[in-house]
Each structure stands twice: as C-alpha cells, then as structure tokens.
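Observations on the model geometry
The residues making up each chain are set out below.
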Amino acid sequence: MAIVVYVNGRIGGEQDAVISVLDHGFLYGEGVYEVVRTYDRRPFLFERHLQRLRRSAQMIALDVPFSDADLADKVRETTAAFFEHPDNRSVADVYVRVLVTRGVGEINYDPSCCGQPSLVIIVKPLVGLPADVYEHGVKVAIVSIVRNHPCSINPLIKSNNLLNNALAAQEAYRRGAFDAVLRNYRGEIAECSIANLFVVKDGHLVTPPLEAGLLSGITRGFVLELCPGADVPVEQKVLRDADLLNADESFLTSSTQEIVPIVQVDDRPVGDGRPGPVTARLLHAYRQRVREMTAPV
Ligand code: PDD
C-alpha cells in the first residue's frame, strides 16, 4: 500500500510530502484538522466535517482560504490519486486526514508574519478494527491527565495540538487499555483521547454535554440522531466515575471506529463484562443507516 498526500497544491507519495520546519503547524501545533473515512470509496458525512473544520479554524482565528467546493475537489483528487496507484487497487476504503495550519512564518507567535495557511490531505488505507473488538469489547482506563480547560485549548477545537491527548492515550496504553477516559477540570467525565463516550443505565443512554469540555464528535451527533428510530431514550448529562463504573453498558464513538463496546474500566467489568443489547442495537442501526446513505443511486 502507498499513502498519497496533497501538500499545498501538489499530490504525491509520502517521500514528496514535505512541509517547512518554519510552518507554525510544526513549530507550535497551530492548526486544525479533520478525520473522515470513506464507505464505498466515498467520504462519509463530509459536509459535517467541513463545517467543524471551519468552526475549529474560526476559534483560533485561522483563515481557511478555500471554499467548501475547493476543499471537496482537493479531497476527491487526492483520494482518486490514491485509488489509481497500482499498489492500492485492492484497498476498499480510506482514512482521510485534512489539516490546515497557520503556515510558514518567523519563529514568533505573531500570525501576521505567516504567509498562506498550509493545506495537507493525507489519504491512507482505512485499517478497521478487528471484528473481535466489536464482538467482545475493549478495556478503557480513567487516566490522570485532565481534558483541556475550555479556557485553555478549548476541546471544541479539533486542534493539531494533540500533546494532551497523546499523553492521556499513552497512560492508558501503559495500563493495557484500548483508550483513555479523561475527566475535565471539575472531575466530571469528558471523553476518550480519540473518541466520545456513552453509558447505558436501565435502558437509558447518557453522554456528557458539550459543556463538560469535549469535542462535538460527528459520530456522537449521528448516534444521538439515531436514538429515536432505534427506540433508545437518550440524554446529555454530567457523568462522574461512579456512573461509568456502575453502568450496565458503555461504548465509545468516532468516525473511524464507529461504535466500540467498552466492557471493562480499569479492573472492573462494565455490566456483565460483555457488550450489551443497547450498544448492539445502536451499532446495527448505525451500519444500517450508513448503508442507506452510501448506497449507489
Ligand atoms: N478523532 N473526541 C476526540 C478527542 C477525538 O479526537 C475524536 C475523533 C472524537 C470523535 O469525533 P468524530 O466522531 O467526529 O470522529 C472525539 C479522530 C477520529 C482522530 O483524531 O483520528
């Protein structure tokens, strides 16, 4: 397999995908990004991702000098180049990471010294999770790293500055967990390092509200929309450790992972330690809806 990358107007392989060391994205993590996956080789919920990319950019006063149509074209061209590559013919679906950074400037924090923002689009094969993960679920660890205070790097910004998330994930990996659960500065549960979090108690689905300081996940929103049709009552409510530890079921959501059952929190099983019926119902509804939305017309 060969990854294909667009960098500021040029599409090429990994070797050609270079960016200046003076880009403020590299120097300071000043930039925003989105991760989209394809189904049937077409980006899923792409408009929602574009909207969030613009919201994130606005929140760091970063101008995105491309129209939505332009961005869609560039993603389409890069994805097409990926599938045309002889090494990639057998790839079914791809992971697409779109990054916009402040651009190249002096080594100082003044954005007015930067030229054009940089645009990078990375397309690589989508490596889905093994079926086993959906069947048996995963373990998460409640970590000591605290999710950013909204007055720091607001978690609503899908920022390239991911050190806090990386540290949280690495703490979880050291403890043998699939992902980390981060609390906010008030000690409430916020989300995972790379996904949103839900719990089920007595048939009711609950996820923390955005005010708890978390990314407004596209998959989170999509799952909330699926709930009425799947007959699952849902609310957004503050969650604490005890709510997760005493839940009947729990799962995490993200664009690339869909809905992953959580069956263990640190050393404690969630419910009976197996993926539960509400999680299974929502995963089924999710995949069904994806099929409907991506079916050829
Ligand atoms: N991350 N929370 C965080 C901190 C995330 O990084 C992500 C996604 C999510 C889920 O968002 P969505 O449903 O829009 O994918 C929640 C992507 C997948 C990533 O960084 O790779």
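Residues numbered from 1 in each chain as written. Predicted model: local features only at pLDDT ≥ 70, side-chain atom pairs only at ≥ 80, totals over all residues. Heavy atoms only, no water.

**Section: the site of the ligand**
With respect to spatial proximity, 19 residues lie near the ligand, and among them Tyr33, Glu191, Ile218, Thr219 and Ser255 are the closest. Arg52 places a polar side-chain atom, nitrogen or oxygen, 2.9 Å from an oxygen atom of the ligand. Considering the ligand on its own, with 480 Å² of exposed area, one finds that the protein chains cover 96% of that surface. Of all the secondary structure elements, the ones that give two or more residues to the shell around the ligand are strand E3 (31-39), strand E9 (189-192), helix H6 (218-226) and strand E13 (249-254). Here the residues of the shell around the ligand sort into seven nonpolar, eight polar and four charged. Each of domain 1 (4-125) and domain 2 (131-293) accounts for three or more of the residues forming the shell around the ligand. (Near = heavy atom within 4 Å. Polar contact = N/O pair within 3.5 Å; in protein donor to acceptor, adjacent residues only side chain to side chain. Areas by Shrake-Rupley, 256 points an atom, 1.4 Å probe, with all protein chains shown as cover. Helix = DSSP H or I, 4+ residues; strand = E, 2+ residues; numbered from the N terminus. Nonpolar A, V, L, I, M, F, W, Y, C, P; charged D, E, K, R; others polar. Domains from an automatic or database assignment.)

**Concerning the sheet that holds strand E5 (residues 94-101)**
A sheet is described by the order of its strands in space; here six strands give the open sequence E2-E1-E6-E5-E3-E4, paired in antiparallel fashion. The sheet is open, and its two edges are formed by strand E2 (10-13) and strand E4 (42-43), each paired on a single side. Across seven bridges, the pairing between E3 and E5 is antiparallel. Bridging across to E5, Val36 finds its partner in Val96. Those strands touched by helix H3 (residues 68-84) are strand E1 (4-7), E2, E4, E5 and strand E6 (118-125), and its axis lies near 35° from that of E6. (Pairing = 2+ DSSP bridges. Contact = heavy atoms within 4.5 Å. Axes fitted to C-alpha atoms, helices over the stretch in contact; angles between N-to-C directions.)

**A word on the domain arrangement of the protein chain**
Interface size is commonly expressed as the accessible area that is lost once the parts come together. Domain parsing of the protein chain yields domain 1 (4-125) and domain 2 (131-293). Just the C-alpha atoms count here: the centres of domain 1 and domain 2 sit 26 Å apart. Across the contact, 22 residues belong to domain 1 and 20 residues belong to domain 2. Interface area, domain 1 with domain 2, both sides summed: about 1,900 Å², of which 61% is carbon and sulfur. Sorting the residues of domain 1 by area buried against domain 2 places Tyr33, Arg48 and Arg52 first, and these three jointly supply 31% of that buried surface. Viewed at the interface, domain 2 and domain 1 are joined by one salt bridge. Residues Arg48 and Glu225 are paired through a salt bridge, measuring 3.2 Å at the closest nitrogen-oxygen approach. Linking domain 1 with domain 2 are eight residue pairs in polar contact (both at pLDDT 80 or more). Within the residue set of the side of domain 1 that touches domain 2, elements represented by two or more residues are E3, helix H2 (46-59) and E5. Here the side of domain 1 that touches domain 2 takes seven residues from E3, the largest share from any one element. Of the residues belonging to the side of domain 1 that touches domain 2, the class tally is twelve nonpolar, five polar and five charged. (Buried area = accessible area lost by both parts, 1.4 Å probe. Salt bridge = Lys/Arg side-chain N within 4 Å of Asp/Glu carboxyl O.)

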